[in-house]
Amino acid sequence: MPKLLIVGGGFAGVWAALVAAREAIHHDKELEIQLVSKDPYLTMRPRLYEPDPESLRAPLRPVLEPVGVELLVASAERIDLPRKTVEVVAEGGPVTLSYDRLILAAGSHLAAPPVPGLAEHGWSIDDYETSVAFDRHQQALAAMPDAPGRDSFVVLGAGFTGIELALELRRRIEIHSDAVRAQKTTIFLVDRESVVGASLGDNPRPVIEAALGEAGVELRLGASVTSVGKGRVTFETGESIDTRSVISTVGLTASPLTGQLRLKRDETERLPTDPMLRVQGVESVYAAGDVARAYVDDENIALMSCQHAIFMGQMAGFNAAHDLLDLPLRPYRQPFYQTCLDLGRSGAVYTTGWEREVQKTGEEAKKLKRFINSELIYPPVNDRDAILAAADIDAREENRTAVAS
């Protein structure tokens, strides 16, 4: 029986496994599918700016087992291309896994900028562990007597995550303490760029700036941090801010596993792929999600985002399975692009296209954001028929239309 091995238990890896299983079942063919994940949960990474991060993950077994996908909780350490094996470390020790086709979907992580003190004194909401640690830090602050920097938060990076976190912080503070403390807290949003949300384009910026103004978020644009101490952050201008909470949201980098393929990677360490999501120049290996540098159309490259990871994973699973089962492959194309940015108490802003044309704002956009965050990104569980239906890539156009409408 041919074997498909998938490394990575995030959105790309999970959906690759589900679609591959669906294709094997649909075509009545045998295919062994094994997914390696560092933990037995799918973390809802796009939601980690929200309160209560401990609730923002879902068990993987109820998603995978109904369609026959084996889950191995382990950390992938080494890829041996000539032997078609991956060495992992599981609870019982090292294990060598073989494959006929490999999908690398190991995701990304925040590589902290080389700012003195940031690694030691900074915080992050990049993954489950760091988000829970930051939330517990907030709880500790709520119980702390008044002290310099206690009620001051500095968010580094005015991109998607930084904006959403800055606009959610007062609600998080209120949950852990009270409305008075939340209101008196000073929140700074810092970026080297001269504008907020430079990567989000010009069109939604007025809406974003208005929301930040209404929330009382202080902007430090065109600013660089030179050091982070236990109770202070210092800028290159010499200005310093007393704070016990510096949260970095910049420096997204692909998994270090990409370096083992010894290919020229892009500036974020992503692997070059062909239209079928095969890693260029490497036999029998596909890439999906944040480790893949893939074109969504003739001009644009997929972003490190849940939106692109899910469908890229689906197409990688489809093609890897079809490759093994002697069925036709399909090129990955995802020309429809949308963003829905949470603006806290100001609602949200929904845009479409790479020009980011604003389609919805306020509460109307917020309803869409809630649907995306609480329903759309969650795969079905404990229901074989529902899981297989969700893994039908021919239904993706209907799903896209449902989100946009």
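Counting restarts for each chain: residues are numbered from 1 in the order of the written sequence. In view of the model being predicted, local features appear only for residues whose pLDDT reaches at least 70, and side-chain atom pairs are presented and counted only at 80 or more, with totals across whole chains, interfaces and linings using the full set of residues. Heavy atoms throughout the structure, all of them, feed into the side-chain values; hydrogens and water do not.

A.B. asks: Teacher, can you tell me more about the packing of aromatic side chains here?
C.D. replies: Remark: the centre distance and the inter-plane angle together describe each pair of aromatic rings, the angle taken between the planes. Ring pairs shown here join Phe, Tyr and Trp side chains whose ring centres sit within 6.5 Å, with only the six-membered ring taken for Trp; geometry is labelled stacked below 30 degrees between planes, edge-to-face above 60, and tilted in between. Taken as a whole, this structure holds 4 aromatic pairs when the rule is applied. For the pair F134 and F153, a centre-to-centre distance of 6.5 Å together with 85° between the ring planes defines the contact as edge-to-face. Of this pair, F134 sits in helix α4 (residues 128-143) while F153 sits in strand β11 (residues 152-156), placing them 19 residues apart in sequence. Across this residue pair, the class does not change: F134 and F153 are buried. With centroids separated by 5.9 Å and ring planes inclined at 45°, the aromatic side chains of F311 and Y332 adopt a geometry described as tilted. Remark: Y332 occurs in the loop between α8 (306-324) and β22 (338-342) and F311 occurs in helix α8; sequence separation between them is 21 residues. The numbering of helices and of strands both runs from the N terminus, where a helix is a DSSP run of H or I of at least 4 residues and a strand a run of E of at least 2. To sort residues, take the accessible area from a 1.4 Å probe on protein chains only and compare it with the maximum for the residue type: under 20% means buried, over 50% means exposed, and anything in between is partly exposed.

A.B. asks: How do you make sense of unusual backbone geometry when you look at a structure like this?
C.D. replies: In most cases, non-glycine residues show a negative phi, while peptide bonds are predominantly trans. Unusually for a residue other than glycine, D52 sits at a positive phi of about 55°. Within the secondary structure, D52 is located in the loop between β3 (41-43) and β4 (57-59). Taking relative accessible area as the criterion, D52 reaches 43% and is therefore assigned partly exposed. One non-glycine residue, D326, lies in positive phi territory at about 60°. Among the structural elements, D326 can be located in the loop between α8 and β22.

A.B. asks: Please explain the environment of Y295 as it appears in this structure.
C.D. replies: Inspection of the secondary structure assignment puts Y295 in the loop between β21 (292-293) and α8. Judged by relative accessible area, which is 37%, Y295 ranks as partly exposed. Sequence-wise, Y295 and D274 are 21 residues apart; in three dimensions their C-alpha atoms are separated by 8.5 Å. Aside from chain neighbours lying at most four places away, what touches Y295 is N300, I301, Y332 and R333. Contacts: residue pairs with any heavy atoms within 4.5 Å of one another.

A.B. asks: Got a minute to help me understand the pairing of strand β17 (residues 245-248) in this structure?
C.D. replies: When a strand is regular, its side chains alternate between the sheet's two faces. Of the two faces of β17, the one holding S245 and I247 and the one holding V246 and S248 are both buried throughout. At least two DSSP bridges between two strands are needed for those strands to be called paired. Relative to β17, β11 runs parallel, the two sharing 4 bridges. In the sheet register, L156 faces β17, and the bridge partner there is S248.

A.B. asks: How do you make sense of the pairing of strand β1 (residues 3-7) when you look at a structure like this?
C.D. replies: Most of β1 is tucked away, with 5 of its 5 residues classed as buried. Residue alternation in β1 divides its side chains into two sets, K3, L5 and V7 and L4 and I6, and both sets are buried. Two elements, β1 and strand β2 (residues 32-37), share 5 bridges in a ladder whose sense is parallel. Paired with I6 across the two strands is L35, which belongs to β2. Look down the strands so they point away from you; if the path from the first strand over the helix to the second goes clockwise, the crossover is right-handed. In terms of handedness, the path from β1 via helix α1 (residues 11-26) over to β2 forms a crossover that is right-handed. Where β1 meets strand β8 (residues 101-104), 4 bridges bridge the pair, whose relative direction is parallel. The partner of V7 across the bridge, within β8, is L104.

A.B. asks: In this structure, what is going on with the sheet that holds strand β6 (residues 85-90)? I would like to understand it.
C.D. replies: By definition, the strands of a sheet pair up through backbone hydrogen bonds, in either a parallel or an antiparallel sense. The sheet built from 7 strands is open, its strands ordered β7-β6-β5-β2-β1-β8-β20 with mixed pairing. The open sheet has two free edges, formed respectively by β7 (93-98) and β20 (285-287), since each of these has just one partner strand. Mean inter-strand twist for the sheet, computed between neighbouring axes without regard to direction, equals 35°. With respect to the sheet, α1 is in contact with β1, β2 and β8, its orientation differing from that of β2 by roughly 170°. Lying on the sheet, α8 is in contact with β1, β8 and β20; it crosses β8 at an angle near 170°. Note on geometry: axes are C-alpha line fits, over the in-contact stretch for helices, and angles between N-to-C directions span 0 to 180 degrees.

These values are about where atoms sit, not about what they do.
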